[in-house]
Amino acid sequence: MKKVGNSKLILKLGDITEEKVDAIVNAANSRLAGGGGVDGAIHRAGGPKIMEECRKIINKIGFLPPGEAVATTAGNLPAKYVIHTVGPIYRGGQKGEESTLRNAYLNSLKLAKQLGVKSIAFPSISTGAYGYPVKEAAMVALKAVSEFLEREPENFTVVFVLFDELTYAAYEETLATYLK
Ligand code: AR6
C-alpha cells in the first residue's frame, strides 16, 4: 500500500470480480459486446443485467471510443458499478497507445468521482488480448492514477487487481521505482 495525496494505492494478485469496492473497471471493447479475459469474467460473474445496460448505452452512442469510459450497475457483483473503458490495441507503440491508455485510466477515475465512488478496482487494461507490453503499461497506469490522486483532495482507495504473477511483479516493481 502506498499513500498518494490523501488516497491509498494498493496492488493485489487476484480476480477483480471478487473485489469488494464501490466500482470495478472493465477492460472492454468499443462495442461493449463482451469477450474474453476480464470482460468475460465480469459478465459471467455479474449476470445478464450488465450486458442489457451495455446494449442500451451502445444503442444511444454507437460505440465507445478507446480511452473513454461509461458506467453500468454491477448485477450480482459485490461492487455497485462497473465502469467500462476501452484500452488501445497495441500496434507498436507509435500510434497514440500511451495517451489512449492514460485516458482510459483518467476517464474511469473522473467518472468514478462523478458517481460518488470512494473505492475503485482496475485490471491491467490492454495487456491481455490487446497486446500492450506489461512493463510499459504498468508505468502508464501507475503514473496516470498517481497523478490523479495527487491532485485530489478526497480520500480514494484505488486497487489494481492483477491476475497473474508476472503482471503483479511488473506493477510492483514499477510502483517501487516510480513512486518512491
Ligand atoms: N480479474 C482481473 N484481471 C483479469 C481477470 C480477472 N478476473 N481476467 C483476466 N484478467 P484482457 P485487454 C487480466 O484481455 O488486453 C476482451 O475480449 C488479464 O490476465 O482482459 O484490455 C474485451 O472484450 C490481463 O492481465 O483485456 C476486449 O475485446 C488483463 O486482465 C479485449 O479483450 C487484461 O486482459 C480487451 O483486451
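The structure under discussion appears in the preceding block.
Predicted model only: the values in this text are computed from it and were never measured.

Criteria and thresholds
- Residues numbered from 1 in each chain as written.
- Predicted model: local features only at pLDDT ≥ 70, side-chain atom pairs only at ≥ 80, totals over all residues.
- Heavy atoms only, no water.
- Axes fitted to C-alpha atoms, helices over the stretch in contact; angles between N-to-C directions.
- Helix = DSSP H or I, 4+ residues; strand = E, 2+ residues; numbered from the N terminus.
- Contact = heavy atoms within 4.5 Å.
- Nonpolar A, V, L, I, M, F, W, Y, C, P; charged D, E, K, R; others polar.
- Near = heavy atom within 4 Å.
- Polar contact = N/O pair within 3.5 Å; in protein donor to acceptor, adjacent residues only side chain to side chain.
- Areas by Shrake-Rupley, 256 points an atom, 1.4 Å probe, with all protein chains shown as cover.

> Is there a simple way to think about the packing of helix H1 (residues 37-46) against helix H2 (residues 48-61) in this case?
A pair of packed helices is characterised by two quantities: the angle between their axes and the separation of those axes. Where H1 contacts H2, the two axes come as close as 6 Å, and the packing angle between them is 120°. Across the interface between the two elements, Ile-42, His-43 and Gly-46 of H1 pack against Pro-48, Ile-50, Met-51 and Cys-54 of H2. Counted by class, the contact of H1 with H2 contains 5 nonpolar, 2 polar and no charged residues.

> When you look at the site of the ligand in this model, what are you seeing that I'm missing?
If you check the shell around the ligand, you find 23 residues, and the closest are Asn-29, Val-38, Asp-39, Ser-126 and Gly-128. Between the ligand and Gly-128 there is a distance of 2.8 Å, counted from an oxygen atom to a backbone nitrogen or oxygen. Residue Tyr-130 places a main-chain N or O atom 3.0 Å away from an oxygen atom belonging to the ligand. Protein chains shield 89% of the accessible area of the ligand, which is 710 Å² for the free molecule. Top contributing element to the shell around the ligand by residue count: H1, with 4 residues. Residues belonging to the shell around the ligand are distributed by class as follows: 10 nonpolar, 10 polar and 3 charged.

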